[in-house]
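Structural description and commentary
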Amino acid sequence: MPRPDSPDDPVVDVRGLRMAYGTNEVLTGVDLTVSAGEVVCLLGPNGAGKTTTIEILEGFRAPSAGTVRVLGKDPMRAGDAWRARVGVVLQSWRDHARWTPRRLLTQLGDYYAPYSTPERPRPYEVGWLLDTVGLTEHADRKIVGLSGGQRRRLDVAVGIIGRPELLFLDEPTAGFDPQARRDFHDLVHRLSDLEGTTILLTTHDLAEAEKLADRILILAGGRIVADGSADELGRQVAGRSEVRWACGAERFVHPTDDVVAFVRRLFEQHGGELTDLEVRRASLEDTYLAMVQRFESGARTRPVLEEVVR
Amino acid sequence: MNPTRHAIGLGLRRGWTEFLQSVRSPQDQGFYLFTAVGTVLLLWFNRDNEIGDSGIFYPTYALPSILGALVAFGVVIGPAFALAMEREDGTLLRHKALPHGMQGYVTGQLTYHSLSLLPSLLTILVPSLLLFDGLMSGGAAGWLTVAWVVVLGLLATLPLGMVLGSVVPGTQKVGTWGMLPILVLTAISGIFFPLQALWGWVQGLAQVFPVYWIGLGLRSAFLPDAAVTLEVGDSWRTGLTVLVLAAWAVAGALVTPRVLRRMARRQSGSTVEAAREASLQWVR
C-alpha cells in the first residue's frame, strides 16, 4: 500500500536485500536505513556490492530478494513523480560531445519543470548551477573539449539539476585533483546544509568519507559489517589508539586499547620525567582495514559467526 | 502541465538541437558532401546511357531509386548506430534518470533522424536537377508523391533502426547485424537493377520489405508513365505501396516501444562502465 511519507519516515529503508547473479551472491542480506537530511557513505572493498546496492536503490536494477523502500516507494515500481525527487550522478564518458554544458543542463533540467512546487522550485537556474560547480568559464564550449575533472563536475550538475530530495553518488570524486575534490566537498556540504538533501555516496577515499559523512556504512562480503560515525567506528575497533611519549632523551610508541589507564600508569611510573605526550586515535583507514580484515578472516574460517559480527 | 506532453516537446527541441549541431559539424558536412559527390559523379558518367530504347537516360532512371535507398539506409543504419552508441556512452542512462526522460529521448531520436534526411536528400537532388534534364516528369503532383513516399517510408523504416539499435549487443556489432542485411536488402530491392533480373523467390522476399516499395513509390513520382513497363506487372501499384509501407509503420509503432522499454530496463551504471571498458580494450 502506498502511503504518504511523513518527515519521520526513513528516506531509504532496506531489509534483507539479497542479490545474486547466477550462483554468484553479491549481496547476502543488507539492512540499512537513511534518514532525511543525512549524508551516508558506503565504504567497502572492490566487489563488495556497493555499486549493486546503489543501483538497486536508484531503481536501475531489480533485487533478487528483500524489501527496498526509497522515499516511501519500491524503486523498481516507482513512477516518474518519484524519479523527479531523486538525483543520480552518473559516470558517463563521451555522451553529448557536441553539446555545451549550458545547453545540456537547460535541456535536461527542463524535464523537472512539471514537478516544480512553491516550496521546491525545480529545476535549478542553470547559470547559478554552472557557477556552483565551477563551470561558468566552460559553459559555452563543447563538452568533448572538457577535461576529466570538468566532465565529472558536469555529471554532478546534471545529477542535481532537478533539485533532488535524495541524491546518489557512486564514486563521485574518482579522478579529481585536490582542488576539484575540495570544491566538490564544499558543494556536498552546501547541498546537505542549505537544501536538506539526503545524500548516499560510495567512495574509496576514506578521508573523503570521514569529511563528508554523518554516518559510514562498511559493506563487506555482501552485507553491512559496520554502521556509525567515523568516531564511533574507531571506538568499536579495540587496540587502535597509539600513545607516544618521551622520557628524557628517549622516545616511545605504544598501541593501547585503554588510553586513559595507560596514560595514568605512565604518569605513575615516570611522573615528572615525561617531557612529551601524544595520543593518536585510530584513523578511519586503520579502522576500516581492521574491520574488513576482521570480517573477512571471520567469514572465511567461521561463516556461522557472521551474525555475531553484526 | 502534462509531463508526458512536456517531455515530448523537450524531445522535439532535443532533436532540433542535435540536427543543428550535426549540420554545423565539419564531420557530418563531410559525410553529406562525400555521398552527394559520389552519387552525382556516378550519374554524370552514365548520363548518356539509355535504358534499353525507352528514351530514358540513366540519371533519370537511377536517381529515384538511389534516393529511396538513401531513405531506407539513412533511417535504419543512422538510428541503429546512434542508439547502440548512446546506450554505451550513457546518454540513454541520463534520460532514464529523468522523469519521462525516455519519452523525450525517443522523440529526440525520431526528430533528429527524420530531419537528417533533408540534407542527405537535398545535397543530391539539387545538383542533379541543375545538371540533368528531364529528371522529374510528374510535375507538382510528382513532388507531392515524393513527399508522401518519403514520409511513409520514414515511418516504415525508422522503427527498424530503433529496434536494431536496441537489440545489437554493442556498437561494433551494428556493422554485422545491421549494415550487412540492409545492404543485401537494398541490393535485391530493385534499387540498382530491376527486380525482374533476379530469381523469383528473391523477388518475393524483396517485396516483403519496405525498401523496394520506397524505391517504387519514388520511381512512380519521377519517371514518365512509359517507364512503368520496366516494373513488375507493368504497374506502379500505388495502392499496394501505401498498404505495405503503412503496415510496416503500424507494426513498427506497436513493437518498437516494447523493445525500447525492455532495452532501457537493462541500462545501469555498470552496463555503461562495462561498455566503456570494452571499448578501451577494443581501441588498444
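Predicted model, so just to flag it, every value in this text is computed and none were measured. (Residues numbered from 1 in each chain as written. Chains lettered and ligands numbered in written order. Predicted model: local features only at pLDDT ≥ 70, side-chain atom pairs only at ≥ 80, totals over all residues. Heavy atoms only, no water.)

Attention now goes to the overall build of chain A. For chain A, the count of helices and strands is 11 helices and 12 strands. Principal-axis analysis of the C-alpha atoms gives chain A an extent of 70 × 50 × 35 Å. Buried positions account for 50% of the 310 residues belonging to chain A. The contacts of chain A with a sequence gap of at least 6 include a subset with a gap of at least 24, amounting to 67%. Working note: accessible area of chain A is about 14700 Å², and carbon and sulfur atoms make up 49% of it. Treating the 40 positive side-chain charges of chain A as one cloud and the 47 negative ones as another, the clouds have centres 4 Å apart. (Helix = DSSP H or I, 4+ residues; strand = E, 2+ residues; numbered from the N terminus. Buried < 20%, exposed > 50% of the residue type's maximum accessible area, 1.4 Å probe, protein only. Contact = heavy atoms within 4.5 Å. Areas by Shrake-Rupley, 256 points an atom, 1.4 Å probe, with all protein chains shown as cover. Lys, Arg positive; Asp, Glu negative; His and termini not counted. Charge placed at Lys NZ, Arg CZ, Asp CG, Glu CD.)

Within chain B, the secondary structure is distributed over 11 helices and zero strands. Secondary structure elements of chain B occur, N-terminal to C-terminal, as α-α-α-α-α-α-α-α-α-α-α. In terms of overall dimensions, chain B is globule-like: its C-alpha atoms have a radius of gyration of 20 Å, near the 19 Å expected for 284 residues. Based on the C-alpha atoms only, the size of chain B along its principal axes is roughly 65 × 40 × 35 Å. For chain B, the proportion of its 284 residues judged to be buried stands at 52%. Pairs at least 24 apart in sequence give 75% of the contacts found in chain B among residues at least 6 apart. Accessible surface for chain B amounts to roughly 13100 Å². Of this, 70% is attributable to carbon and sulfur atoms. Across chain B, the mean location of the 18 positive side-chain charges is 18 Å away from that of the 14 negative side-chain charges. (Rg over C-alpha atoms; globule rule 2.2 N^0.38 Å.)

Here we come to the sheet that holds strand E8 (residues 215–220) of chain A. All names here are of chain A. Here six strands make up an open sheet; going across it, the order is E5-E6-E7-E3-E8-E9 and the pairing mixed. Looking at strand neighbours, the two that pair on one side only are strand E5 (86–89) and strand E9 (223–228), the edges of this open sheet. Between one strand axis and the next, the sheet turns by 15 degrees as a mean value, whatever way the strands run. As judged from the four bridges shared by strand E3 (residues 39–43) and strand E7 (residues 198–202), these two strands associate in the parallel manner. Bridge pairing in E7 places Leu-42 opposite Thr-202. Of the strands in this sheet, E5 and strand E6 (166–170) touch helix H5 (residues 148–160), which is tilted by about 165 degrees from E5. Across the sheet, helix H6 (residues 178–195) is in contact with E3, E6 and E7; its angle to E7 comes to roughly 150 degrees. (Pairing = 2+ DSSP bridges. Axes fitted to C-alpha atoms, helices over the stretch in contact; angles between N-to-C directions.)

Turning our eyes to something else, we now look at the packing of helix H3 (residues 101–109) of chain A against H5 of chain A. Residue and element names in this part refer to chain A. Here H3 crosses H5 at 20 degrees, and the two axes come no closer than 10 Å. What the angle tells us is that H3 and H5 run roughly parallel. Where H3 crosses over H5, the two elements pack in a sense that is right-handed. When H3 is examined against H5, the residues Pro-101, Leu-104, Leu-105 and Leu-108 are found in contact with a partner set consisting of Leu-154, Ala-157 and Val-158. Residue composition of the contact of H3 with H5, by class: seven nonpolar, no polar and no charged. (Parallel < 35°, antiparallel > 145°, perpendicular 65-115°, else oblique. Left-handed = near helix turned anticlockwise from the far one by under 90°. Nonpolar A, V, L, I, M, F, W, Y, C, P; charged D, E, K, R; others polar.)

Detailed reading of the predicted coordinates is not advisable wherever pLDDT is low. With 92% of its residues at a pLDDT of 70 or more, chain A has an overall mean of 86. By mean pLDDT, the top-scoring element of chain A is H3 of chain A (97), and the lowest-scoring one is helix H11 (residues 306–309) of chain A (39). (pLDDT = per-residue confidence, 0-100.)

Per the UniProt record, the feature "domain: ABC-2 type transporter transmembrane" (unreviewed entry) sits at residues 18–222 of chain B. End C-alpha to end C-alpha, residues 18–222 of chain B measures 31 Å, and it is 77% helix and 0% strand. (UniProt positions renumbered as here; feature names shortened; annotations may be inferred.)

Residue and element names in this part refer to chain B. Their axes nearest at 8 Å, the elements helix H6 (residues 139–167) and helix H9 (residues 210–222) cross at an angle of 170 degrees. Comparing the axis directions of H6 and H9 gives the class roughly antiparallel. Taken together, the residues of H9 that come into contact with H6 (itself represented by Gly-142, Trp-143, Thr-145, Val-146, Val-149, Val-150, Gly-153, Ala-156, Thr-157 and Leu-160) are Pro-210, Ile-214, Gly-217, Leu-218, Ser-220, Ala-221 and Phe-222. Partitioned by chemical class, the residues of the contact of H6 with H9 number 11 nonpolar, six polar and no charged.

Strand pairs in the sheet, formed through backbone hydrogen bonds, run parallel or antiparallel to each other. All names here are of chain A. Here three strands make up an open sheet; going across it, the order is E11-E10-E12 and the pairing antiparallel. Lying at the two open borders of the sheet, with one neighbouring strand each, are strand E11 (250–256) and strand E12 (274–280). For this sheet, the mean angle separating the axes of adjacent strands, direction not counted, is 15 degrees. The pairing of strand E10 (residues 241–247) with E11 spans seven bridges and is antiparallel. Residue pairing for E11: Glu-242 is matched across the bridge by Pro-255.

Moving on to the nonpolar core. Counting 56 residues, the largest nonpolar core has Leu-43, Leu-105, Leu-154, Ile-199, Ile-216, Ile-218 and Leu-284 of chain A as the members making the most contacts within it. A domain split of this core shows at least three residues from each of domain 1 (12–231) and domain 2 (237–302) of chain A. Ignoring sequence-local partners within four residues, the contact set of Leu-284 of chain A consists of Leu-43, Leu-206, Ala-209, Glu-210, Ile-216, Ala-230 and Leu-233 of chain A. In terms of nonpolar packing, the next biggest core, distinct from the first, is built from 49 residues, Val-75, Leu-185, Leu-216 and Ala-227 of chain B among them. (Core = buried A, V, L, I, M, F, W, Y, C linked by side-chain atoms within 4.5 Å. Domains from an automatic or database assignment.)

Bringing the interface of chain B and chain A into the picture now. Every contact between the two is made by 40 residues of chain B and, on the other side, 29 residues of chain A. Summed over both partners, the interface of chain B with chain A buries about 3200 Å², with 56% contributed by carbon and sulfur atoms. Here chain B and chain A share five salt bridges between them. Ionic pairing is found between Asp-28 of chain B and Arg-98 of chain A, a salt bridge with its closest N-O pair at 2.8 Å. The interface formed by chain B and chain A contains 16 residue pairs in polar contact (both at pLDDT 80 or more). Every element with two or more residues in the side of chain B that touches chain A is listed here: helix H1 (3–23), helix H2 (26–45), helix H3 (58–89), helix H4 (91–96), helix H5 (101–131) and helix H11 (269–283) of chain B. Sorting elements by how many residues they give to the side of chain B that touches chain A places H1 of chain B first, with 11 residues. Partitioning the side of chain B that touches chain A into residue classes produces 12 nonpolar, 18 polar and 10 charged. (Buried area = accessible area lost by both parts, 1.4 Å probe. Salt bridge = Lys/Arg side-chain N within 4 Å of Asp/Glu carboxyl O. Polar contact = N/O pair within 3.5 Å; in protein donor to acceptor, adjacent residues only side chain to side chain.)

Moving on, we get to the environment of Val-208 of chain B. All names here are of chain B. In this structure, Val-208 sits in the loop between helix H8 (200–206) and H9. On a C-alpha basis, the gap between Val-208 and Val-244 in space is 7.9 Å, while along the polypeptide they are 36 residues apart. If we ignore the near neighbours within four places in the chain, the residues touching Val-208 are Val-244 and Trp-248.

Residues and elements named next belong to chain A. Partitioning chain A into domains gives domain 1 (12–231) and domain 2 (237–302). Contact residues are listed per partner, giving 14 residues for domain 1 and seven residues for domain 2. Linking domain 1 with domain 2 are zero salt bridges, by the criterion used here. Connecting domain 1 to domain 2 are one residue pair in polar contact (both at pLDDT 80 or more). For the side of domain 1 that touches domain 2, the elements supplying multiple residues, two or more each, are helix H7 (206–212), E8 and E9. Broken down by class, the residue content of the side of domain 1 that touches domain 2 amounts to 10 nonpolar, two polar and two charged.

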